[in-house]
Amino acid sequence: MPVLEGLWGPDLRMRDSGIGVGVEVGVCPEETPRSPVWGPLRMPPVTCGGLSLALELPALIRQLRAAWRARRGGPLDPERSPTSTWVAEEEVEEMKHDLEDTSPHLEADGTLNTGHAGVLLVERRGSYPLIDLRILKTSAQQGEVESGTRRKVKRLLSFQRYCHASRLLVPQTPGSLHLLDDDYLGQAAHMLSKVGTWNFDIFLFDRLTNGNSLVTLMCHLFNVYGLIHHFELDMVKLHRFLGMVQEDYHSQNPYHNAVHAADVTQAMYCYLKEPKLAEQLSPLDVFLGLMAAAAHDVDHPGVNQPFLIKTRHHLASLYQNTSVLESHHWRSTVGMLRESGLLSHLPVDMSQDMEQQLGSLILATDISRQNEFLSTFREHLDNQDLDLQLTSHRHFILQIALKCADVCNPCRVWELSRQWSERVCEEFYRQGDLERKFDLEISPLCNQQADSVPAIQSGFISYIVEPLFEEWQRFTESSLLSQTMMGHLHRNKARWSRLRYERTHSETHSHAEEPEEGEGGGREDGEDIP
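Residues numbered from 1 in each chain as written. Predicted model: local features only at pLDDT ≥ 70, side-chain atom pairs only at ≥ 80, totals over all residues. Heavy atoms only, no water.

1. A closer look at the overall build of the chain
At step 1: On a plain count of helices and strands, the chain comes out with 23 helices and four strands.
At step 2: In the chain, which comprises 530 residues, the proportion classed as buried is 52%.
At step 3: Put simply, 71% of the contacts in the chain that link residues at least 6 apart link residues at least 24 apart.
At step 4: Accessible surface, the chain as shown: approximately 24300 Å² in total, 52% of it carbon and sulfur. (Helix = DSSP H or I, 4+ residues; strand = E, 2+ residues; numbered from the N terminus. Buried < 20%, exposed > 50% of the residue type's maximum accessible area, 1.4 Å probe, protein only. Contact = heavy atoms within 4.5 Å. Areas by Shrake-Rupley, 256 points an atom, 1.4 Å probe, with all protein chains shown as cover.)

Here's what the structure looks like:
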């Protein structure tokens, strides 16, 4: 199996060559390959304004606080008394004004404007800036921008990401208080009693929980499996972590949002209950499976990897154009785990091991590695050599289960499947509109004039979903759930094909009539078109 070399440069090499045989993630050059002990999580060195930004958020915050205290002539002590919270607010406001005064941004006409960059600062609260048109370095829009200006914009984005995104610099705004009446709470509780059924309506559940479907679902499933007691988790820290994950999904994304994460988590729960798998899973397997499902797309920007690469976004640079989004989802999850302190009571080697295994699961959702995983899965099934008593084989099946959960929308009932299909296509079209606006090459499937929803879904089902779920059905030995999913899949595929046919022939009919109407003979020819 091919080994991914140089995923994060000389400071971190990720090796995932043990799929189906053993899992190795985060092996560094100085470590012995296939070592049973994973090294600590390492990140490439990044510097900004003289500060070492190793992507370790707590340490970074201490550096920022010390730097700003030094600038203000205050003490360098990292601790702050409870009565001095207003100082942090004042510092943040001062930083914000400085950035607003000095930060250029790209206007639609290609000119650099220096007067309104502060708008971005109040719009994002995630772990990195929203896709910023200031960093589109296309000659058609921006022309030749001096290297000094580029460095200034890059420095601004880094500063925004680590300063204004941090929840430790400013007082926290309370999250949703779940202000629901008893009827809604009762309906949500009733739905949770049926959370293991395949026709679970996640859209309705999200409305009943006041937009807190992910947090509510995860807390329920952790209780169902007894994970809170088993890992001795602090409920306050758990709720804080889940709230951070839910908030870092972009609600403005039509598809990659917290509802999608909740839907994938519910599907993952159904797969974990499969008879062939349920009896073999350990509490750690269940914990990792649910956590990876909940956080697998956290902080997704609503555009794909090719868009980040061709706009030279800093994430593409950081992860060297390889599994860019998946790597970011994983690192964001690790940052929130450490910031919330959810696993701080566990031994260091155990918590690091869990972080690495989460990374292996989340990185498996990279669609560009679909054939790699599918061929390995098929080979195991052909050879009948999967042994779920082995930790590495169970981990591989968790990777496959997460991949299935991530693309399971065509296997849902039509009413749910159609909504997801329209949402993901809307997100594609938004990216295409953005690319068209800035004279970029429009990515495949993102051209609304050329790529219809039925055409996109027909291809997606035929080339991605159907082959994967056929092998999953072989693994589960045609369980009741697999039969149900495959039935929905075939019916939905036929329906999309029919809609595609009707759309194509409707357009053909229209084009055929147009030249005839001018001659007055369109009626007879039109009658022959089905």
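So that's the structure; there's more coming.
2. Section: the nonpolar core
At step 1: Trp198, Phe222, Tyr271, Phe287, Met291, Phe469 and Trp472 are the most contacted members of the largest nonpolar core, which totals 100 residues.
At step 2: The biggest single contributor to this core is helix α11 (residues 258–272), with 11 residues.
At step 3: Not counting residues up to four positions away in its chain, the partners in contact with Met291 are Met218, Phe222, Phe241, Leu337, Leu342 and Leu358.
At step 4: Counting 11 residues, the second-largest nonpolar core is a separate cluster that includes Val303, Leu315, Ala316 and Leu440. (Core = buried A, V, L, I, M, F, W, Y, C linked by side-chain atoms within 4.5 Å.)

3. A closer look at helix α13 (residues 283–295)
At step 1: Compared with an ideal rise of 1.5 Å per residue, which puts 13 residues at 18 Å, α13 spans 18 Å between its outermost C-alpha atoms and is within 8% of the ideal.
At step 2: Among the 13 residues of α13, 11 are classified as buried, and the element is accordingly described as predominantly covered.
At step 3: Every buried residue of α13 is accounted for by Asp285, Val286, Phe287, Leu288, Gly289, Leu290, Met291, Ala292, Ala293, Ala294 and Ala295. (Expected span 1.5 Å × (residues − 1).)

4. With respect to the packing of helix α18 (residues 370–383) against helix α21 (residues 453–475)
Axes are the key here: two packed helices are described by the angle between their axes and the distance separating the axes.
At step 1: Two elements in contact, α18 and α21, have axes separated by 10 Å at closest approach and are oriented at 25°. By the angle between their directions, the pair α18 and α21 is classed as roughly parallel. Crossing hand, α18 versus α21: left-handed. Facing Gln370, Leu374, Phe377, Arg378, Leu381 and Asp382 of α18, the residues of α21 in contact are Ile464, Pro467, Leu468, Glu471, Trp472, Arg474 and Phe475.
At step 2: Of the residues contributing to the contact of α18 with α21, the split by class is eight nonpolar, one polar and four charged. (Axes fitted to C-alpha atoms, helices over the stretch in contact; angles between N-to-C directions. Parallel < 35°, antiparallel > 145°, perpendicular 65-115°, else oblique. Left-handed = near helix turned anticlockwise from the far one by under 90°. Nonpolar A, V, L, I, M, F, W, Y, C, P; charged D, E, K, R; others polar.)

5. Regarding the packing of aromatic side chains
At step 1: Applying the stated rule across the entire model yields 12 aromatic pairs.
At step 2: Joined through ring pairs, the aromatic side chains of Trp198, Tyr271, Phe377, Phe396, Trp472 and Phe475 make up one cluster.
At step 3: Taking NZ or CZ as reference, Arg331 lies 4.2 Å from the ring centre of Trp330, over its face.
At step 4: Of note, Arg412 hangs over the ring of Trp198, and the distance from its end group to the ring centre comes to 4.0 Å. (Phe/Tyr/Trp six-rings, centres within 6.5 Å; stacked < 30°, edge-to-face > 60°. Lys NZ or Arg CZ within 6 Å of the ring centre and 35° of its normal.)

6. Some words on α18
Owing to its 3.6 residues per turn, the α-helix brings residues three or four apart onto one side.
At step 1: The end-to-end C-alpha separation of α18 is 20 Å, in line with the 20 Å expected for 14 residues at 1.5 Å each.
At step 2: Those residues of α18 that fall on the buried side of the exposure criterion are Gln370, Glu372, Phe373, Leu374, Thr376, Phe377, His380 and Leu381.
At step 3: If you follow the buried residues of α18, they end up packed against α19 (391–406) and α21.
At step 4: Note on α18: the residue one or two positions beyond its end, Gln384, has a positive phi of about 55°.

7. Points about unusual backbone geometry
The phi torsion of most residues other than glycine is negative, and most of the peptide bonds are trans.
At step 1: Not every positive phi belongs to a glycine, and Asp299 is a case in point at roughly 65°.
At step 2: In this fold, Asp299 is placed in the loop between α13 and α14 (305–310).

8. Comments concerning the side chain of Ser417
At step 1: Inspection of the secondary structure puts Ser417 in helix α20 (residues 414–437).
At step 2: In this structure Ser417 comes out as buried when scored by relative accessible area, which is 1%.
At step 3: Not counting the four nearest positions on each side in its chain, Ser417 is found in contact with Asn409, Pro410, Arg412 and Asn492.

9. Side note on the pattern of salt bridges
At step 1: In total, this model carries 14 salt bridges according to the counting rule given.
At step 2: The salt bridge involving Glu372 is made with Arg369; its shortest N-O contact spans 3.0 Å. Taken individually, Glu372 and Arg369 each receive the classification buried, so the pair is uniform in this respect.
At step 3: Put simply, Arg378, Asp382, Glu471 and Arg474 are held in one network by salt bridges that share partners. (Salt bridge = Lys/Arg side-chain N within 4 Å of Asp/Glu carboxyl O.)

10. Considering the side chain of Thr365
At step 1: Mapped onto the secondary structure, Thr365 falls in the loop between α17 (348–363) and α18.
At step 2: Those residues in contact with Thr365, other than ones at most four positions away along the chain, are Glu326, Leu402 and Asp406.

11. Observations regarding the packing of helix α8 (residues 213–225) against helix α10 (residues 235–247)
At step 1: Close contact between α8 and α10 brings their axes to 9 Å; oriented N to C, the two are set at 145°. Read as a crossing pair, α8 and α10 show a hand that is right-handed. Between α8, through Ser213, Leu214, Val215, Met218, Cys219 and Phe222, and α10, the contact on the second element is made entirely by Leu238, His239, Leu242, Gly243, Val245 and Gln246.
At step 2: Grouping the amino acids of the contact of α8 with α10 by side-chain chemistry returns eight nonpolar, four polar and no charged.

12. Thoughts on the environment of Phe307
At step 1: Relative to the helices and strands, Phe307 is located in helix α14.
At step 2: When the C-alpha atoms of Phe307 and Gly432 are compared, they prove to be 9.7 Å apart, with 125 residues separating the residues in sequence.

13. Some remarks on the state of the cysteines
At step 1: One pass over the full model with this rule turns up zero disulfides.
At step 2: Cysteine Cys446 remains unbridged, with the sulfur of Cys425 as its closest cysteine sulfur at 9.5 Å. (Disulfide = S-S within 2.5 Å.)

14. What about the confidence of the model for the chain?
At step 1: Put simply, the chain has an average pLDDT of 76, and 62% of its residues get 70 or more.
At step 2: This stretch, residues 1–56, has a pLDDT under 50; its non-local contacts, to residues over four places away or in other chains, come to 135 contacts.
At step 3: In the predicted structure, residues 516–530 sits below a pLDDT of 50 and forms nine contacts with residues beyond four places in sequence or in another chain. (pLDDT = per-residue confidence, 0-100.)

15. Considerations on the environment of Met354
At step 1: Of note, Met354 is situated in helix α17.
At step 2: Sequence separation between Met354 and Leu288 is 66 residues; the distance between their C-alpha atoms is 7.4 Å.
At step 3: When near neighbours in sequence (up to four residues on either side) are disregarded, Met354 contacts Phe231, Leu284, Phe287, Leu288, Leu343 and Leu346.

16. Concerning the environment of His380
At step 1: Along the chain, His380 falls in helix α18.
At step 2: Judged by relative accessible area, which is 8%, His380 ranks as buried.
At step 3: Measuring from C-alpha to C-alpha, the distance between His380 and His393 comes to 9.9 Å, with 13 residues separating the pair along the chain.

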